[in-house]
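The lines below spell out each chain.
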Amino acid sequence: MRAGDDMPRGERRARRPRRTGRGRILLVVVAIGLFILITTLRSIASFYTDYLWFQSIGQTGVWRGVLGTKLMLAVVFIAAFFVLLWVNLFIADRIAPKFRPAGPEEELIERYHELVGRRTGLVRIVVALLFAIIAGAGASGQWQEWLLFRNSVDFGVKDAQFGKDVGFYVFQLPFLNFLLGWIFAAFVIIFIVTAVAHYLNGGIRVQTPFQRVTPQVKAHLSVLLALLALTKAGLYYLQQFSLTTSTRGTVDGATYTDVHTQLPAIRLLLIISLFSVALFLYNIFRRGWVLPVLGVGLWAFVAVVAGSIVPALVQKFRVEPQESARERPYIERNITATRSAMNLANVQMTDFGNDDSLTTNDLQSNSDTVGNIRVWDPNIIPNTYRALQALKPFYKIEDVDVDRYTIDGQKTQVVLSARELNSSGSPQQSWEGTHLAFTHGYGLVLSSSSKLTSDGQPDQRIRGIPITNDTNIKLDQPGIYFGQGLDGYVVVNSKRQEIDYEDSAGNNVPTTYNGSDGIELSSWIKKAAFALRFGDFNPLVSGNVTSSSKILINRDINARLQAIAPFLTWDGDPYPVIINGRVQWIVDGYTTTDKYPYAQRAITENHGNLTGRFNYVRNSVKAVVDAYDGTTTLYIVDHNDPIARAYQKAFPSLFATSDPSEELRSHFRYPEDLFRTQTDMWGRYHLDNPDAFYTNGSGWTVAPDPGTSVQTGASSTTPTAPNPDNPPPATGGIAPYYQLLRVPGDSPQAEQSFVILRPFVPTKGNNQQMTAFMTARSDPDHYGEMQTFVMPGNRLPPSPALVASTMSSDTQVSSLQTLLGINTGGSRLLFGNLLIVPIDQSLMYVRPVYVQAAGENTPPLLRKVVVQFANKVQVADTLAAALKSFPQFSDLPLPSGQVAGPTTPQNPTPQPSLTAADLLAQAAQDFADADTALKNGDLATYQQKIKSAQANVTKAQQLLGGTSPPASTTSTTAPSSSSGAGPPPSSTTTTASTTTTTAPASA
């Protein structure tokens, strides 16, 4: 007998290597698992904390909806590809020949089969799964297209070529194109992998004198080719609809060549592809390659010749020689579609008189408009606010916005800015200081846009810390926890008290956050997750963080909205308003698409966040974010927008079911970026005649920005009139700007409207005359109403660039350097944006002038206002004084809403330097007028102006103590007596060297 322990020892000796091998495999698996866990741990934490954040704001439906759609698409497409490839590989194995013919390839095939052995089924699964993941995972990126496809609605508008509802092109066609394109690519991959499988199984031989492909393999591959051809036929069917957004012709859309050449070619290719399907299916029984090669060859030939060469020849030799006639009906389609897609179909065209006949009575009857003419440029005043109202290094003034409020019983245009948190300026740059103590901004600054104090500062009606409020606008909650440019996180309700603000004595005033936003750090798992998310372990280990502490994330307004509604385009300029005693941020949301049939692609250069390729846009959503607790409400304000309705169907809990309050609607603004896009398009699309549109002879373009065309201090030459043939350099289209005024044509009893305005000049020829200006209203009862005021052809007013040049040539402007004493110390002049103010049937141009002293954080102060009306320029300390300087307004009382502003002390003895400069400036103007009179042959006026100039020079010398005027950099010389026109030459000199900075025009 065998010893009792022989068998167990033998078994142990035989099994020990197995256990060792399994142990090694287990260690490898564990090591790989740990590596994956460590490398993905931060991503897992971000995923988990995102869910917590959506849960905290009550929007888990959006989180689940987007994530679920992505997962569903990925799983469905991965599964579909896996099944298709696995079935074909299974068929390839089943029809593999039992005996493989000998040949030079057999050795390689034998090695493959030895390696695979009996694992053929496993290899089939692994190969199918690997390719499925590669091919199907990317489908999750089509989640928006799927949501729109699933929730599509009708536009109620049919395209001009195929008669289909526009909703088919916007909602259904994009996903159908992706689906068929994916199926075609999938069958190409499956065909190649299946052919390789047949080769490995012996069904295909390359180097053999015998049969290279077995009949069964030919039949299998013929079926796959038939499916490829059928899918391509479906793509051709959809491709014909894509012609409606073609860019081949003179305008976007299916034009002459597309309709008469490209469309028939696509339909021919569709027929050929269906014919090829029949050939491939017939080849299952014939089992040859002649018919497939014939079908593919014919297919390729027609695709190249009919699909590419012929359309190019037709476009070149048939269309271009008589393009206007060939493209006329398609231009009509494009005009109609573009106006509809860009929301320009209802723009009202109104004739504007431009009669320059304003009187004092007219200004008085429009005193509310005059009183709200903005003299504080929102591009200049941020520096003033920062110097005067930032107050502490840990506060910042990001930008200043224009709005309107009822103050002291009058509707008043204001400029305002929130005082936001600047964490980098915190006096405690520790984790505790930047994340626990200094957590929020405080209050805002609000001023009338047209008023100033006696020292040239804004008339700040809401200011300071704690808040000083000189208005009837209630502001109960000044905390600003959510704003612009806030990244990272803060922790509130910790053991470390938050600092609300510092009082006048420098003492910290504490506060406790009681808002609804925030995620409670009630467990160490949450603390650890946020520690991993931000790469900062302080939330996990700090003793100041308790279970009742809250962490605030996504505090930046745009980042917050992008996370909540990533399918919308959000305006890059949130603006604060005061509603019900709280600071609220309003942000405009846009829906866009590039699939609207026949609509022209938008011009989107320098349009903020509203960029990219699109030919349809609507401002359908207004988001309101509470600055204190982050409560976010999305209102659909354009229920006629089908895209917004589709997203509302997809995410019913995301949008508010009620309409915005009247108080909130009173602060809605027509968006600047949208108005830029629309005015850029309207310059040409105001033409509804296709022939006029094609030639574009009557087209407009947005008026050039005056840029730096206003320069003070002419150098060594007499000021000359602007040359229309050589206009000052422009810096691009002038930016639109907001104004509070009575729209021309409204009744005298009508209230002022808050409008955004942008002017036009001719596209061709002399662009120094203004052809029209366009407005869009923001008033609740007239929101979005657009109107174009067209100038009379025989009385075109000057463009902003020409007005700026005229202002530059005026001696009152050119002498501002001397008048304001800016010749030493590094001070500089700042010119604000040039405003066009329509009053009744006349236009007035207003430009403020600021002085900024040398040194850091010095506030620009308003010192002068330049007004041009009826081709005359006046400069004064205030708008009211400038208006009263015009002869036709000399008896004008102080306009409503204006204050006197800074005034020059009235001493018995004039200030020598200031008065002498005034006299020298007048002398320069007299010499310029004399030159003009001489050119016109008016000798009497010439002699009068020369005498006046000499008298002013003499008075200036007397005021300067009998000495000569200061050293000259600008000279004006009268003609010599040899001309027979006047006295001997006389010369005066003025110092007028300046540093000028012109702010970019903006709202």
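Residues numbered from 1 in each chain as written. Predicted model: local features only at pLDDT ≥ 70, side-chain atom pairs only at ≥ 80, totals over all residues. Heavy atoms only, no water.

A.B. asks: I'm lost on the overall build of the protein in this one. Help?
C.D. replies: Regarding its fold elements, the protein presents 27 helices and 33 strands. The burial tally for the protein puts 51% of its 1003 residues in the buried class. The long-range share in the protein, meaning contacts at least 24 apart out of those at least 6 apart in sequence, stands at 70%. Accessible surface computed for the protein: about 43,400 Å², of which carbon and sulfur atoms make up 55%. (Helix = DSSP H or I, 4+ residues; strand = E, 2+ residues; numbered from the N terminus. Buried < 20%, exposed > 50% of the residue type's maximum accessible area, 1.4 Å probe, protein only. Contact = heavy atoms within 4.5 Å. Areas by Shrake-Rupley, 256 points an atom, 1.4 Å probe, with all protein chains shown as cover.)

A.B. asks: Is there a simple way to explain the pattern of salt bridges in this structure?
C.D. replies: Side chains bearing opposite charge may pair, as long as their charged atoms lie close to each other. Within the structure shown, the criterion is met by 28 salt bridges. Between E320 and K316 there is a salt bridge whose closest N-O contact spans 3.9 Å. One salt bridge in this structure joins D626 and R582, with 2.7 Å as the shortest N-O distance. Taken as a pair, D626 in strand 19 (residues 616-626) and R582 in strand 18 (residues 581-593) lie far apart in primary sequence, 44 residues in all. In this structure, a network of salt bridges that share partners links the residues D401, D573 and R669. (Salt bridge = Lys/Arg side-chain N within 4 Å of Asp/Glu carboxyl O.)

A.B. asks: Help me out: how do you make sense of the packing of aromatic side chains in this one?
C.D. replies: Given two aromatic rings, their pairing is described by the distance between the two centres and the angle made by the two planes. Scanning the entire structure with this criterion turns up 41 aromatic pairs. Through a chain of ring-to-ring contacts, the aromatic side chains of F77, F81, W146, F149, F175, F178 and W182 assemble into a single cluster. The aromatic ring of Y236 is capped on one face by K232, whose charged end is 5.3 Å from the ring centroid. Above the ring of Y575, the side-chain terminus of R669 is found at 4.1 Å from the ring centroid. (Phe/Tyr/Trp six-rings, centres within 6.5 Å; stacked < 30°, edge-to-face > 60°. Lys NZ or Arg CZ within 6 Å of the ring centre and 35° of its normal.)

A.B. asks: Sorry, what's going on with a nonpolar patch on the surface here?
C.D. replies: Taken together, W524, I525, F537, L540 and V541 make up a surface patch of nonpolar side chains, about 550 Å² in accessible area. Going through the elements one at a time, helix 15 (524-534) and helix 16 (538-541) are the ones with two or more residues in the nonpolar patch. (Patch = residues over 30% accessible without salt bridge, like charges linked within 9 Å, V, L, I, M, F, W, Y side chains within 5 Å.)

A.B. asks: For this particular structure, what's the right way to read the packing of helix 7 (residues 215-242) against helix 8 (residues 256-286)?
C.D. replies: Helix packing geometry: the angle between the two helix axes and the distance between the axes. In contact at an axis separation of 8 Å, helix 7 and helix 8 are set at 165 degrees when each is read in the N-to-C sense. Judged on the interaxial angle alone, helix 8 and helix 7 are roughly antiparallel. Remark: the crossing between helix 7 and helix 8 carries left-handed chirality. Here the contact of helix 7 with helix 8 is composed, by residue class, of 18 nonpolar, six polar and one charged. (Axes fitted to C-alpha atoms, helices over the stretch in contact; angles between N-to-C directions. Parallel < 35°, antiparallel > 145°, perpendicular 65-115°, else oblique. Left-handed = near helix turned anticlockwise from the far one by under 90°. Nonpolar A, V, L, I, M, F, W, Y, C, P; charged D, E, K, R; others polar.)

A.B. asks: Help me understand the pairing of strand 27 (residues 835-839) in this model?
C.D. replies: For a regular strand, the rule is simple: side chains alternate between the two faces of the sheet. Within strand 27, five of the five residues are buried, which leaves it mostly tucked inside the rest of the structure. A two-sided burial pattern is seen for strand 27, the buried positions comprising L835, V837 and I839 on one face and I836 and P838 on the other. Here strand 27 pairs with strand 28 (residues 842-852) via five bridges, running antiparallel. Of the residues in strand 28, the one forming a bridge with L835 is V846. (Pairing = 2+ DSSP bridges.)

A.B. asks: I keep staring at the environment of G203 and nothing clicks. Help me out?
C.D. replies: Tracing the sequence through the fold places G203 in the loop between helix 6 (166-201) and helix 7. Exposure remark for G203: the relative accessible area of 3% places this residue in the buried category. Once the C-alpha coordinates of G203 and I95 are considered, the two residues, 108 residues apart in sequence, prove to be 8.1 Å apart. Look past the residues within four positions of G203 in its chain and what remains in contact with it is P97, H198, R212, V213, T214 and V217.

A.B. asks: Help me understand unusual backbone geometry in this model?
C.D. replies: One can expect most non-glycine residues to show negative phi and most peptide bonds to be in trans. A cis amide bond, omega -10 degrees, links I465 with the succeeding residue P466. Looking at the element boundaries, P466 is found in the loop between strand 7 (458-463) and strand 8 (468-469). Phi angles above zero are rare outside glycine, and N343 is one such case at about 60 degrees. Here N343 is to be found in the loop between helix 10 (323-341) and strand 1 (348-351). On the basis of relative accessible area, N343 is assigned to the partly exposed category, the value being 36%. Positive phi, close to 50 degrees, is recorded for D356, a residue that is not glycine. Relative to the elements of secondary structure, D356 occurs in the loop between strand 1 and helix 11 (360-365).

A.B. asks: Help me understand the confidence of the model for the protein in this model?
C.D. replies: Note: predicted coordinates in regions of low pLDDT should not be interpreted at a detailed level. On average, residues of the protein score 84 in pLDDT, and 84% of them are at 70 or above. Counting contacts from residues 895-914, a segment whose pLDDT is below 50, to residues more than four positions away or on other chains yields 38 contacts. Below pLDDT 50 for its whole length, residues 962-1003 participates in 128 contacts with residues either more than four positions away or in separate chains. (pLDDT = per-residue confidence, 0-100.)

A.B. asks: When you look at helix 18 (residues 642-650) in this model, what are you seeing that I'm missing?
C.D. replies: In an α-helix, one full turn covers 3.6 residues, which means residues spaced three or four apart are oriented alike. For helix 18, the full list of buried residues reads P642, I643, A644, A646 and Y647. Structurally, helix 18 contributes buried residues whose contacts are with helix 5 (143-150), helix 6, strand 18, strand 19 and strand 20 (632-636). For helix 18, the side-chain oxygen to backbone nitrogen distance between the N-cap and I643 is 3.3 Å, and the N-cap itself is D641. (Polar contact = N/O pair within 3.5 Å; in protein donor to acceptor, adjacent residues only side chain to side chain.)

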